[in-house]
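Given next are the chains, with one letter for each unit.
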Amino acid sequence: MDFQLTEEQKMLTETARLFAREEIIPIADKCDRDNKFPHEGAKKAFDLGLLGVEIPTAYGGAGMGVFANCLIIEELNYG
């Protein structure tokens, strides 16, 4: 059994990692201190396809499934 990520999964992981590095990490401390949710950042994440991954495409999601969502969450939580 092959446990390597597919090219699509690797690309998804890298996109989420880059987003965390550029959009989340720079503002995380301030959001925590001010107890504010970064609505603008969440919109950017949605526009990149990093949110709503499990939602079927017929309803505006990516329709990718649980594993893809786990890959994204792992990278975003790093931020």
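Above this note sits the structure.
Calculation rules
Residues numbered from 1 in each chain as written. Predicted model: local features only at pLDDT ≥ 70, side-chain atom pairs only at ≥ 80, totals over all residues. Heavy atoms only, no water. Helix = DSSP H or I, 4+ residues; strand = E, 2+ residues; numbered from the N terminus. Buried < 20%, exposed > 50% of the residue type's maximum accessible area, 1.4 Å probe, protein only. Contact = heavy atoms within 4.5 Å. Areas by Shrake-Rupley, 256 points an atom, 1.4 Å probe, with all protein chains shown as cover. Axes fitted to C-alpha atoms, helices over the stretch in contact; angles between N-to-C directions. Parallel < 35°, antiparallel > 145°, perpendicular 65-115°, else oblique. Left-handed = near helix turned anticlockwise from the far one by under 90°. Nonpolar A, V, L, I, M, F, W, Y, C, P; charged D, E, K, R; others polar. Salt bridge = Lys/Arg side-chain N within 4 Å of Asp/Glu carboxyl O.

Chemist: Please clarify how the overall build of the chain should be interpreted in this entry.
Modeler: Looking only at helices and strands, one finds 3 helices and 0 strands in the chain. Taken from N to C terminus, the helices and strands of the chain fall in the order α-α-α. For the chain, the spread of C-alpha atoms along the principal axes amounts to about 45 × 30 × 15 Å. Going through the 79 residues of the chain one by one, you find that 23% of them count as buried. Look at the contacts in the chain between residues 6 or more apart in sequence, and 53% of them connect residues 24 or more apart. A total accessible area of about 6,000 Å² is found for the chain, and carbon and sulfur atoms account for 57% of it.

Chemist: Just checking my understanding: could you explain the side chain of Thr13 for this structure?
Modeler: Considering the arrangement of structural elements, one finds Thr13 in helix H1 (residues 7-34). For Thr13, the contacting residues outside a window of four places in its chain are Leu5, Leu71 and Glu75.

Chemist: How should the packing of H1 against helix H3 (residues 66-78) be read in this particular structure?
Modeler: What describes two packed helices is the angle between their axes and the distance between those same axes. Between H1 and H3, the shortest axis-to-axis distance is 8 Å and the interhelical angle comes to 25°. On the basis of the axis angle, H1 is roughly parallel to H3. For the pair H1 and H3, the sense of crossing is right-handed. Across the interface between the two elements, Gln9, Leu12, Thr13, Ala16, Arg17, Phe19, Ala20, Ile24 and Ile25 of H1 pack against Phe67, Ala68, Leu71, Ile72, Glu75, Leu76 and Tyr78 of H3. Class assignment for the residues of the contact of H1 with H3 results in 12 nonpolar, 2 polar and 2 charged.

Chemist: Can you help me understand the pattern of salt bridges in this one?
Modeler: A side chain of one charge can pair with a side chain of the opposite charge if their charged atoms are brought near each other. Counted by the stated rule, this structure contains 7 salt bridges. Arg17 serves as the salt-bridge partner of Glu14, at 3.2 Å between the closest nitrogen and oxygen. With Glu14 and Arg17 both in helix H1 and 3 residues apart, the pair spans about one turn of that helix. Residue Glu14 is classed as partly exposed on the basis of its relative accessible area, which comes to 38%.

Chemist: So what exactly am I meant to see when it comes to the environment of Glu40 here?
Modeler: Mapping Glu40 onto the fold places it in helix H2 (residues 39-47). Residues Glu40 and Tyr78, 38 residues apart in the sequence, show an inter-C-alpha distance of 19 Å.

Chemist: So what exactly am I meant to see when it comes to the side chain of Glu75 here?
Modeler: Summarising the element assignment, Glu75 is placed in helix H3. On the accessibility criterion, Glu75 (9% relative accessible area) is buried. Apart from the residues within four sequence positions on either side, Glu75 is in contact with Thr13, Ala16, Arg17 and Ala20.

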